[in-house]
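What follows is the residue order along each chain.
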Amino acid sequence: MKPRVYIETFGCQMNVADTERAATGLRSSGYDLCDSVDEADVVLLNTCSVREKAERKVYTRIGEVRAARPNKQDVLVGLMGCVAQLEGASIFNNAPAVDLVIGTRATDRISSLIERAQNGERRVLDLDERGETDVWDVSPAQRHSPHVAFIPIIEGCNKFCSFCIVPYSRGRERSRPANLILDEIRNLQQFGYKEVHLIGQNVNSYRPRVESGLEGFTGATPFSRLLRAVAATGMPRIKFTTSFPRDFHPDIISAIEANENLCNWIHLPVQSGSDRILKRMRRGHNRGDYLDRIARIKSSTRRLSLTTDVIVGFPGETDDDFRQTLSLIEDCSYDALYIFKYSRRRGTPAADFEDTVSESEKTARFLELENVHRRCQQKVYSSYVGQTISVLAERQSSRSESDLTGHSTCHKVVNFKGDESLEGEIVDVLITKQK
Ligand code: SAM
């Protein structure tokens, strides 16, 4: 019988995409994938280190896995992803239950690493760079959905925001050649996929080394040219995330306006409404720059939904700074807001700043911001009631057997009456109430 591997994924869409890619490689090297720790010969935890809480969760999970499978001979345990890349060999000392540490660029070498561990090598470690010939192919069987696919277009980050660990865990920006992205999308169309998400830490910083695939597509930046090229494949729905404010060129909106299949959703993380804090965060944008970009989005001929991320309690954030964030959130009136309490990440510049905001103050700011946002969000949501919007029917709703659930082109979850014959179809749904 083939050895069975179970992969559990924490964190962002990039990790989901890495898991899909790792699973594809493992299958082609003769492994089977399974759905639980109990059935597995190898357990891999694909980890996230963006905040301390996420990192702690991984160590708790290693303990649970070993408790479920106490005999070291029965199962190998490996850590993949950002915690693996950052902590490296020290993981073997902190968590002796771990047999393999697989860095963020070693996704294509997992099967040979497992073999080394199976052959008796202890503490197998790979923190090396990607190989030049690494493949990005993901088999449809390993995708997280039969209708929606994540397509990495850029890896890593060059921005070095003072709070963020990503440049250290994922290395420098590396863009995939456009022709490979387009081939992957055409292939997905043949399998009936209806929606792709172009993903990366900063998709709009896309800058491939080669022109291949972009010839004939004009635009002010390589990313807006890529959007036009992807739209021309005819894939019914195209979304992209995350956009970095400083690199957000208005031509992205022009590309959306000219192509119906580029969806009505922009995620543009602001992090703070205070110029003083934005400077300490080293974001490379100020409140005014950011609001100029929002003005262009809001004046679009298409109704674009807008979402953002905010960090509360960044070192040195005063009550006045926080009030400026509150007012920006009211002014922008987002469709969704992801709020994070600042989490100190060792090795980042902000880790050396004095953490002046207490945990209870961070919680108070979190709740106040959430309240202000909810009020604005209710207004945004109520404006959709009575409108018909296009929704991809993704699966049966967990709430009721006679309901389906899916995302709208503006990336909202919509539940509606329908049977399984509609799954995978794009349907028009009349919005009758908001949550
Ligand atoms: N690359 C994107 C950008 O910079 O706009 C965001 C990527 S990050 C993985 C997702 C979100 O996590 C960030 O937008 C930020 O709000 C949050 N985040 C990152 N580092 C954090 C930290 N040290 N503490 C709290 N939240 C953090």
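Before any of the text, the structure's been laid out above.
The rules we used
- Residues numbered from 1 in each chain as written.
- Predicted model: local features only at pLDDT ≥ 70, side-chain atom pairs only at ≥ 80, totals over all residues.
- Heavy atoms only, no water.
- Salt bridge = Lys/Arg side-chain N within 4 Å of Asp/Glu carboxyl O.
- Helix = DSSP H or I, 4+ residues; strand = E, 2+ residues; numbered from the N terminus.
- Buried < 20%, exposed > 50% of the residue type's maximum accessible area, 1.4 Å probe, protein only.
- Contact = heavy atoms within 4.5 Å.
- Core = buried A, V, L, I, M, F, W, Y, C linked by side-chain atoms within 4.5 Å.
- Polar contact = N/O pair within 3.5 Å; in protein donor to acceptor, adjacent residues only side chain to side chain.
- Phe/Tyr/Trp six-rings, centres within 6.5 Å; stacked < 30°, edge-to-face > 60°.
- Lys NZ or Arg CZ within 6 Å of the ring centre and 35° of its normal.
- Axes fitted to C-alpha atoms, helices over the stretch in contact; angles between N-to-C directions.
- Parallel < 35°, antiparallel > 145°, perpendicular 65-115°, else oblique.
- Nonpolar A, V, L, I, M, F, W, Y, C, P; charged D, E, K, R; others polar.

### Quick notes on the pattern of salt bridges
As enumerated under the stated definition, the model contains 38 salt bridges in all. A salt bridge links Asp183 to Arg186; the nearest nitrogen and oxygen atoms lie 3.3 Å apart. Of this pair, Asp183 and Arg186 both sit in helix H7 (residues 178-190), three residues apart, roughly one helical turn. With relative accessibility at 41%, the residue Asp183 sits in the partly exposed group. Through salt bridges with shared partners, a single ionic network connects Glu20, Arg143, Arg176 and Glu184.

### Some remarks on unusual backbone geometry
With omega at 5°, the peptide bond leading from Thr241 into Thr242 counts as cis. Structurally, Thr242 can be placed in the loop between strand S11 (237-241) and helix H9 (251-258). The phi dihedral of Gln271 is positive, around 75°, even though this residue is not glycine.

### Digging into helix H8 (residues 222-232)
Within H8, ten of the eleven residues are buried, leaving the element largely enclosed by the surrounding structure. For H8, the set of buried residues is Pro222, Phe223, Ser224, Arg225, Leu226, Leu227, Arg228, Ala229, Val230 and Ala231. The elements touched by buried residues of H8 are H7, strand S10 (195-199), S11 and H9. Gly234 lies just past H8 and shows a positive phi near 85°.

### Some points on the nonpolar core
Considering soluble globular proteins, one finds that nonpolar side chains tend to be buried as a cluster. Core analysis: the largest hydrophobic core is formed by 50 residues, its most contacted members being Leu198 and Ile266. If one sorts the elements of this core by residue count, H8 sits on top with six residues. The contact partners of Ile266, leaving out residues within four places of it in the chain, are Phe240, Phe248, Ile253, Ile256, Ile297, Leu304, Ser305, Leu306 and Thr307. One finds Cys48, Ala84, Phe92 and Val98 within the second-largest nonpolar core, a separate group that totals 23 residues.

### A few points about the side chain of Ser300
On the secondary structure map, Ser300 appears in the loop between helix H11 (287-298) and strand S13 (305-312). For Ser300, a relative accessible area of 11% puts it in the buried group. For Ser300, the side chain forms a polar contact with the side chain of Glu257, separated by 2.8 Å. Apart from the residues lying within four places of it in its own chain, the contact partners of Ser300 are Ile253 and Glu257.

### What to know about the packing of aromatic side chains
All told, the structure shown has four aromatic pairs when counted by the stated rule. With a centroid separation of 5.4 Å and 75° between ring planes, the pair formed by Phe314 and Tyr342 is classed as edge-to-face. You can see Phe314 sitting in the loop between S13 and helix H12 (319-332) and its partner Tyr342 sitting in the loop between strand S14 (336-341) and helix H13 (359-382), a full 28 residues away along the chain. A connected cluster of aromatic rings, assembled from ring pairs, spans Phe314, Tyr342 and Phe353. One residue, Lys159, lies across the ring of Phe244, its end atom 5.3 Å from the ring centre.

### Some thoughts on the environment of Gly386
In this fold, Gly386 is placed in the loop between H13 and strand S15 (388-396). Expressed as a C-alpha distance, the spacing of Gly386 and Tyr206, which sit 180 residues apart in the sequence, is 38 Å. Beyond its immediate chain neighbours, meaning those up to four positions away, Gly386 contacts Leu430 and Ile431.

### Comments concerning the environment of Leu306
Position of Leu306 relative to the elements: it lies in strand S13. Since its relative accessible area comes to 1%, Leu306 is described here as buried. For the pair Leu306 and Gln396, spaced 90 residues apart in the sequence, the C-alpha separation amounts to 27 Å. In this structure Leu306 touches Ile266, Ile294, Ile297, Lys298, Cys332, Tyr334, Asp335 and Ala336, once residues within four positions along its chain are discounted.

### Section: the packing of H8 against H9
Helix packing geometry: the angle between the two helix axes and the distance between the axes. Close contact between H8 and H9 brings their axes to 9 Å; oriented N to C, the two are set at 10°. Looking at the two axes, H8 sits roughly parallel to H9. In this structure, H8 uses Phe223, Ser224, Leu227 and Arg228 to contact H9, whose residues at the interface are Asp251, Ile252, Ser254 and Ala255. Taken together, the residues of the contact of H8 with H9 break down into four nonpolar, two polar and two charged.

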